[in-house]
Amino acid sequence: YAAKGTGEPYRRWSPALDEQAGEQARLGAEIRAALDGDQFRVVYQPIVTAPAGRMAGVEALVRWEHPERGPISPAYFIPVAERNGLIVELGAWVLRTACEQMVRWRDDTMATAPGYLSVNVSARQLARPGFPQTVADILTTTGLPPTHLTVEVTETAVFDGGHAVQALHQLRALGVRIALDDFGTGHSSLRLLRTVPVDTLKVDKSFIDDITGAGEHRVIAEALIHVCEGLGLTAVAEGVETAEQAEVLHRIGYRLLQGYHFGRPVAAADLDLLPSQPAITA
Ligand code: C2E
Ligand code: MG
Ligand code: MG
Ligand code: MG
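If you're wondering where the values come from, they're calculated on a predicted model, not measured in any experiment. (Residues numbered from 1 in each chain as written. Chains lettered and ligands numbered in written order. Predicted model: local features only at pLDDT ≥ 70, side-chain atom pairs only at ≥ 80, totals over all residues. Heavy atoms only, no water.)

Novice: Outline the layout of surface pockets, listing residues and values.
Specialist: Within this model, the largest pocket holds a volume of roughly 990 Å³. In this structure, the largest pocket is lined by 36 residues; those nearest its centre are Glu59, Leu61, Asn120, Asp181 and Asp182. In terms of residue class, the lining of the largest pocket is made up of 17 nonpolar, nine polar and ten charged. (1 Å grid on protein atoms, 1.4 Å probe; cavity = no way out; pocket = protein on both sides within 12 Å on 5 of 7 lines; lining within 4 Å. Points joined across faces, edges and corners; volume = space filled by probe spheres on them. Nonpolar A, V, L, I, M, F, W, Y, C, P; charged D, E, K, R; others polar.)

Novice: Residues and numbers for the coordination of the magnesium ion (ligand 3), please.
Specialist: Looking at the magnesium ion (ligand 3), one finds its protein donor set to be Asp181 (OD), Asp182 (OD) and Glu238 (OE), positioned 1.7 to 2.5 Å from the metal centre. For the magnesium ion (ligand 3), the single-chain donor residues occur in sequence as D-D-x55-E. For Glu238, a relative accessible area of 10% puts it in the buried group. (Donors = N, O, S within 2.8 Å, 3.2 Å for Na, K, Ca; no water. Buried < 20%, exposed > 50% of the residue type's maximum accessible area, 1.4 Å probe, protein only.)

Novice: Please give an account of the site of ligand 1 that cites residues and values.
Specialist: The environment of ligand 1 is formed by 23 residues, the closest being Arg63, Asn120, Asp181, Glu241 and Tyr260. Separating an oxygen atom of ligand 1 from a side-chain N or O atom of Glu238 is a distance of 3.3 Å. Between a nitrogen atom of ligand 1 and a side-chain N or O atom of Glu241, the distance comes to 2.5 Å. Taken by itself ligand 1 offers 800 Å² of open surface, and the protein chains cover 81% of this. More than half of the atoms of ligand 1 fall within 2 Å of the grid points belonging to the largest pocket. Of all the secondary structure elements, the ones that give two or more residues to the shell around ligand 1 are strand S2 (55–66), helix H3 (74–84) and strand S6 (177–183). No other element matches the four residues that S2 contributes to the shell around ligand 1. Of the residues in the shell around ligand 1, the class split is nine nonpolar, six polar and eight charged. (Near = heavy atom within 4 Å. Polar contact = N/O pair within 3.5 Å; in protein donor to acceptor, adjacent residues only side chain to side chain. Areas by Shrake-Rupley, 256 points an atom, 1.4 Å probe, with all protein chains shown as cover. Sits in = over half its atoms within 2 Å of the grid points. Helix = DSSP H or I, 4+ residues; strand = E, 2+ residues; numbered from the N terminus.)

Keep in mind these values describe shape, not function.
Now the structure itself:
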């Protein structure tokens, strides 16, 4: 670590792979400590109806406030937790914490609870034979009705095969709904939509970003709406950042929108449970 603080990037003369492996091992150990030390939090991002702007649901997203490094992105540490297996414990903690919160919202007579809770599940979690039972146990102990839970899985996690598809059938049998997350970035096999139990497609932000332009992403986003309608699936547009995007998405048929334009992920206490502004005013 001699180069630290000298202005010379360590990366330049260290074998990059060793450095990465070291960082991964370090981070992996820190995830273990963070689980024991209660450093993880769950935040919630609204998924709203268009054009009314009602909060249809919330997506639970994990946050890690590292005591020295500050906030670390899940896009960075979730893959590490996947590789060292701690995602199983972390994922179960997120699921339990979010289900408990949903029950609290539903019990709160002063506010309108989000209609459903959506929780991300990684490939490794899904591949574990015991996963559906873990979900069933958490639903039983928290008292959240299964129909109020959606699990978000990626196309890749499902494509990996193994127990994944079987697990989805078991979750379905419980009454839990299934969303394909980041749709369009993985294998995007349309056959998957017929061979795997799926209720919702979350159309990836990369298709939404340039939706107001004349580019091909808009054509694809529009085609996916027709696919969803034809197959009886729900479509959610991810990463909606502007009123213009929301307006175009509504016009081409999207009825569920999620993104910074409607609300960033926030702590449960900061989620606005009061009736909101219309999502589309144009
Ligand atoms: P994701 O499931 O696709 O979640 C959406 C991500 O996009 C979140 O990032 C969210 O904060 C961000 N986002 C939402 N709206 C906008 C927008 O309008 N603009 C932009 N630029 N970003 C937006 P986050 O929270 O950093 O999570 C990143 C990824 O990490 C998630 O992508 C998911 O794959 C994974 N992840 C997060 N929490 C969990 C978890 O509890 N378990 C598992 N297995 N994975 C998780
Ligand atoms: Mg997600
Ligand atoms: Mg997503
Ligand atoms: Mg995404």
